Amino acid sequence: MAKTDEPTIIKKYANRRLYNTGTSTYVTLEDLAGMVKSSEDFVVYDAKSGEDITHSVLTQIIFEQENKGQNLLPITFLRQVIRFYGDSMQALLPSYLEHSMGQFSREQEKLRQQIGQAFGTPVAFDAMDETIRRNTEIFEKAFRMFMPFGAGGDGGEVARTEPGKTEKARSDDLDALKKQLEAMQRRLDQLAPEK
């Protein structure tokens, strides 16, 4: 079957069965996970109401994978995500996560090559640990910049500044964040093999 730019339509019936209209076959959540991994785009509609339920089906796939013992999402991360539901920053989180995952996806091939070249050596794992640590710091600093009054009870750096210095503190944090991102990009570029 020839690939098109249009996403495949999957219909979910009341009996929970999923029907792939592109192949005219019933599929499972595992089949849909395979489609995601092979970059096949699809949209899931409730067969009765016509409602787009793609988000809930993708979430269900993640839930199934996590239940199989493939714990990709750390408990700390899950707790942090739950805290954002209903928070004033809830609208910012999806775009931030989408941007972060996009950046990670773009860099994953370089990372795979680096780990492959240095597999088994402490240097590879030290570099990976350093990258994770820096990403965590950047994430925390970015959210502290958007919470000037220490929302969430963390008493962020901006909240501790004197009145009148809030804008400068935000600017300094933003500059520091930019420098860290640039340093991380330089380090990734240095670690990447020459082509």
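Rules used throughout
Every chain is numbered independently, its residues counted from 1 as its sequence is written. Restriction of local features to residues with pLDDT of at least 70 applies here, the model being predicted, together with a cutoff of 80 or more for giving and counting side-chain atom pairs; totals for whole chains, interfaces and linings are based on all residues. Based on all heavy atoms of the structure, the side-chain values leave hydrogens and waters out of the count. UniProt positions are given in the numbering used here, feature names are shortened, and annotations may be inferred rather than shown by experiment. To qualify as a helix, a DSSP run of H or I must reach at least 4 residues; to qualify as a strand, a run of E must reach at least 2; elements of each kind are numbered from the N terminus. Expected span, for any helix, means 1.5 Å times one less than how many residues it has. Accessibility here uses a 1.4 Å probe with only protein chains present; expressed as a share of the type maximum, an area under 20% marks a residue as buried, one over 50% as exposed, and anything in between as partly exposed. We call two residues in contact whenever any of their non-hydrogen atoms come within 4.5 Å of each other. As used throughout, the charge tally considers Lys and Arg to be positive and Asp and Glu to be negative, leaving His and the chain termini uncounted. In the sections that follow, a salt bridge refers to a side-chain nitrogen of Lys or Arg positioned within 4 Å of a carboxyl oxygen of Asp or Glu. Whenever two N or O atoms come within 3.5 Å, that pair is a polar contact, provided that in protein one can donate a hydrogen and the other can accept it, and provided that, for residues adjacent in sequence, both atoms are side-chain atoms. Two aromatic rings, drawn from Phe, Tyr or Trp (for Trp, its six-membered ring), form a pair once their centres lie within 6.5 Å of each other, and the interplanar angle then sorts them: stacked below 30 degrees, edge-to-face above 60, tilted otherwise. Consider the ring centre and the ring normal. A charge sits over the ring if Lys NZ or Arg CZ is within 6 Å of that centre and within 35 degrees of that normal.

## Observations regarding the UniProt feature "domain: PHB accumulation regulatory" (unreviewed entry) in the chain
As recorded in UniProt, the feature "domain: PHB accumulation regulatory" (unreviewed entry) lies at residues 73-112. Structurally, residues 73-112 is divided into 78% helix and 0% strand, and its ends, taken at the C-alpha atoms, are 20 Å apart.

## What to know about helix H2 (residues 54-67)
An α-helical segment advances 3.6 residues per turn. Residues three or four places apart therefore align on the same side. Between its first and last C-alpha, H2 extends 20 Å over 14 residues, near the 20 Å set by a 1.5 Å rise per residue. Among all positions in H2, only Thr 54, Val 57, Ile 61, Gln 65 and Glu 66 are buried. Residues of H2 that are buried make contact with helix H1 (29-37) and strand S4 (42-46). Following H2 by one or two positions, Gly 69 adopts a phi angle in the positive range, close to 90°.

## Side note on the side chain of Glu 66
Along the chain, Glu 66 turns up in helix H2. Among buried Asp, Glu, Lys and Arg side chains, Glu 66 stands out as unpaired, with Lys 37 the closest opposite charge at 11 Å. Engagement of the side chain of Glu 66 in a polar contact is seen with the backbone nitrogen of Leu 72, the distance being 2.9 Å.

## Topic: the packing of aromatic side chains
Counted under the stated rule, the structure contains 1 aromatic pair. With centroids separated by 5.2 Å and ring planes inclined at 65°, the aromatic side chains of Tyr 19 and Tyr 26 adopt a geometry described as edge-to-face. Judged by its relative accessible area of 21%, Tyr 19 falls in the partly exposed class. For Arg 17, the ring lying beneath its charged end belongs to Tyr 26, and the centroid distance is 3.8 Å.

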